[in-house]
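Here is how the chains run, residue by residue.
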Amino acid sequence: MDGQPHLYSFPTSTELCKLLRTYVGRCEKAGLTRHGVFKIAVSGGSLPKTLATALLAPSTSEDEKIHWDKWEIFFADERAVALDHADSNYCLLKSELLDKIPASEGVPAVHPIDTDVLNDTQEVADRYEQLLVKSFASRDSVKLPIFDLVLLGCGPDGHTCSLFPGHELLREQNAWVAPIEDSPKPPPCRITLTLPVVVHAVHIAFVATGAGKKDILKEIFELESGRSLPCAMVNEGAKGRCSWFVDDPAVEGVAFPPTPDSGPDSDE
Ligand SMILES: O=C(O)[C@H](O)[C@@H](O)[C@H](O)[C@H](O)COP(=O)(O)O
C-alpha cells in the first residue's frame with residue numbers, strides 16, 4: 001500500500017467522529033482477523049476526548065460494534081508521572097474513555113507505564129519496550145512491533161507522540177521506545193514510541209481539529225520546510241497507510257494531494 005497519506009476533512013467534529021469510528025472499526029476487524037486481538041497505541045492531547053465521542057456512541061449495526069474485550073491499548077507516548085497525575089496520558093484516557101465504557105460491552109486490556117521507576121526515564125522506556133516485546137513476541141523474532149493502529153495528534157509545532165522537531169530522537173533506529181528528558185513541551189520527562197515503530201504500524205491516523213492547526217498543516221503538507229517535521233516524517237514513512245482526520249477549519253486554505261479513495265470505509 002504505497003501512495004500518499006489519505007486526508008478526510010469534515011465540516012463538523014460530529015461528522016469526523018462518525019467516520020473515525022468506521023475507520024477504527026475497520027482496523028479492529030482487520031486486527032481480529034489477523035491475530036484475534038486489536039493492538040492500538042494512542043496519544044494524549046485532545047485525542048482521548050475525540051475518541052470517546054466516536055466510540056462511545058451507541059452502535060447502529062453489528063458491523064459498528066466495538067469488541068472492547070479484544071482491545072489491547074498501549075500509549076504512543078507518555079509522561080513520566082504517576083498514573084493519577086493530571087499530566088498522565090493514561091489518566092486522561094481513563095477519565096475520558098476507559099471509565100465510560102459500559103461494563104456490558106467488555107473491558108479492554110490497557111498497558112500503562114511502570115511507575116515504580118519514575119526517577120529514571122530510560123528505565124521507564126526500557127520497561128515499556130519489554131512490555132511490547134512480551135506482547136508482540138520476542139524481540140529476536142520480531143524486528144519491529146506491528147500495531148494494528150497508531151492514533152496520533154499533531155502539535156502546533158508539528159510534533160507527534162513525544163517526537164519533537166529537530167530532536168535527536170528522530171534519528172533513533174534501534175529502540176522501540178525511547179526516553180526524552182528535554183521535551184520542549186512540559187513535562188520534560190517522557191517516553192515515546194520511536195519513528196520506525198510508528199510508521200511500521202498497519203494503519204496510522206492523525207486527528208487534528210480547529211483553526212489553530214491551519215498553519216502547521218500547511219507547512220507539513222505544502223512547504224519544503226515542513227518535510228523535516230515529525231508529522232511529515234510519519235507521512236513520508238507510512239505513505240498510504242497513513243490517514244488524517246481533520247475538520248474544515250484545520251485545513252482552510254491548505255492544498256492537499258488528492259485522496260485516491262472515496263472515504264475511510266472504502267478499501268484502500
Ligand atoms: O504528550 C503530548 O504532548 C501529546 O500526546 C501530544 O503529542 C498531542 O498529541 C499533540 O500536542 C496534539 O495535541 P492536541 O490534540 O491537543 O492538539
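Nothing here was measured: the structure is a model prediction, and the numbers come from that model. (Residues numbered from 1 in each chain as written. Predicted model: local features only at pLDDT ≥ 70, side-chain atom pairs only at ≥ 80, totals over all residues. Heavy atoms only, no water.)

**Examining the overall build of the protein**
Helices and strands together make up the secondary structure of the protein, namely eight helices and 10 strands. Taken over C-alpha atoms, the radius of gyration comes to 17 Å for the protein, in line with the 18 Å a tight globule of 268 residues would show. Projected onto the principal axes, the alpha-carbon positions of the protein cover approximately 50 × 45 × 35 Å. Of all 268 residues assigned to the protein, the portion counted as buried reaches 51%. When contacts within the protein are restricted to residue pairs at least 6 apart in sequence, long-range pairs at least 24 apart make up 76% of them. (Helix = DSSP H or I, 4+ residues; strand = E, 2+ residues; numbered from the N terminus. Rg over C-alpha atoms; globule rule 2.2 N^0.38 Å. Buried < 20%, exposed > 50% of the residue type's maximum accessible area, 1.4 Å probe, protein only. Contact = heavy atoms within 4.5 Å.)

**Considerations on the site of the ligand**
Taken together, the neighbourhood of the ligand is formed by 15 residues, with Ser46, Asp77, Arg79, Lys185 and Lys213 sitting nearest. Ser46 is positioned such that a nitrogen or oxygen atom in its side chain is 2.5 Å from an oxygen atom of the ligand. The side chain of Asp77 places a nitrogen or oxygen atom 2.9 Å from an oxygen atom of the ligand. Residue classes in the shell around the ligand are distributed as two nonpolar, eight polar and five charged. (Near = heavy atom within 4 Å. Polar contact = N/O pair within 3.5 Å; in protein donor to acceptor, adjacent residues only side chain to side chain. Nonpolar A, V, L, I, M, F, W, Y, C, P; charged D, E, K, R; others polar.)

**With respect to the packing of helix H1 (residues 13-35) against helix H2 (residues 47-56)**
Running from N to C, H1 and H2 cross one another at 75 degrees; their axes reach a closest spacing of 8 Å. It follows from the interaxial angle that H1 and H2 lie roughly perpendicular. Across from Leu16, Cys17, Leu20, Arg21 and Val24 in H1, the residues of H2 making contact are Thr50, Leu51, Thr53, Ala54, Leu55 and Leu56. Of the residues that constitute the contact of H1 with H2, the class distribution is eight nonpolar, two polar and one charged. (Axes fitted to C-alpha atoms, helices over the stretch in contact; angles between N-to-C directions. Parallel < 35°, antiparallel > 145°, perpendicular 65-115°, else oblique.)

**A look at H1**
For H1, which comprises 23 residues, the first-to-last C-alpha distance of 32 Å matches the rise-based estimate of 33 Å (1.5 Å per residue) to within 8%. Restricting attention to buried positions, one finds in H1 the residues Leu16, Cys17, Leu20, Arg21, Tyr23, Val24, Gly25, Cys27, Glu28 and Gly31. Residue Gly36 follows H1 closely and has a positive phi angle near 80 degrees. (Expected span 1.5 Å × (residues − 1).)

**Overview of the nonpolar core**
Counting residues in each nonpolar core, the largest one holds 82 residues, and the members touching the most others are Phe147, Ile220 and Trp244. Examining the composition of this core, we find that six residues originate from one element, H1, more than from any other. Setting aside its immediate chain neighbours within four residues, Ile220 contacts Cys154, Gly158, Gly226, Leu229, Cys231, Ala232, Asn235 and Trp244. (Core = buried A, V, L, I, M, F, W, Y, C linked by side-chain atoms within 4.5 Å.)

**Considering helix H4 (residues 121-135)**
With 15 residues, H4 should reach 21 Å at 1.5 Å per residue; the first-to-last C-alpha distance of 21 Å fits that figure. Among the residues of H4, Thr121, Val124, Ala125, Tyr128, Glu129, Leu132 and Val133 are the ones counted as buried. Looking at the buried positions of H4, the neighbouring elements they touch are strand S3 (71-75), strand S7 (177-180) and strand S8 (190-193). Downstream of H4 by one or two residues, Ala137 has phi in the positive range, about 75 degrees.

**Things to note about the packing of H2 against helix H3 (residues 89-96)**
For the pair H2 and H3, the least separation of the axes is 9 Å and the interaxial angle reads 30 degrees. As the angle between them shows, H2 and H3 are arranged roughly parallel. The element H2 and its partner H3 pack so that their crossing is right-handed. Along its contact with H2, which presents Pro48, Lys49, Ala52 and Leu56, the element H3 presents Leu92, Leu93 and Glu96. When grouped by side-chain class, the residues that make up the contact of H2 with H3 number five nonpolar, no polar and two charged. (Left-handed = near helix turned anticlockwise from the far one by under 90°.)

**Considering the pattern of salt bridges**
A side chain of one charge can pair with a side chain of the opposite charge if their charged atoms are brought near each other. Tallied over the entire structure, the rule returns 10 salt bridges. Between Arg190 and Asp77 there is a salt bridge, and its shortest N-O distance comes to 3.7 Å. In this pair, Arg190 sits in strand S8 while Asp77 sits in strand S4 (residues 77-79), placing the two residues 113 residues apart along the sequence. Exposure class is identical for Arg190 and Asp77. Each is buried. Two residues, Asp99 and Lys94, come together in a salt bridge whose shortest N-O distance is 3.2 Å. Take Lys94: its relative accessible area is 32%, and that puts it in the partly exposed class. (Salt bridge = Lys/Arg side-chain N within 4 Å of Asp/Glu carboxyl O.)

**As for the packing of aromatic side chains**
Aromatic ring pairs are described here by two measures, namely the spacing of the ring centres and the angle between the planes. Applying the stated rule across the entire model yields 11 aromatic pairs. With centroids separated by 6.1 Å and ring planes inclined at 65 degrees, the aromatic side chains of Phe75 and Tyr90 adopt a geometry described as edge-to-face. In this pair, Phe75 sits in strand S3 while Tyr90 sits in helix H3, placing the two residues 15 residues apart along the sequence. Residue Phe75 is classed as buried on the basis of its relative accessible area, which comes to 3%. Following the ring pairs from residue to residue traces out a cluster consisting of Tyr8, Phe10, Tyr23 and Phe245. Directly above the ring of Phe136 sits Lys39, whose terminal nitrogen or CZ lies 4.3 Å from the centroid. (Phe/Tyr/Trp six-rings, centres within 6.5 Å; stacked < 30°, edge-to-face > 60°. Lys NZ or Arg CZ within 6 Å of the ring centre and 35° of its normal.)

Scope: geometric values only; no functional claims are made or implied.
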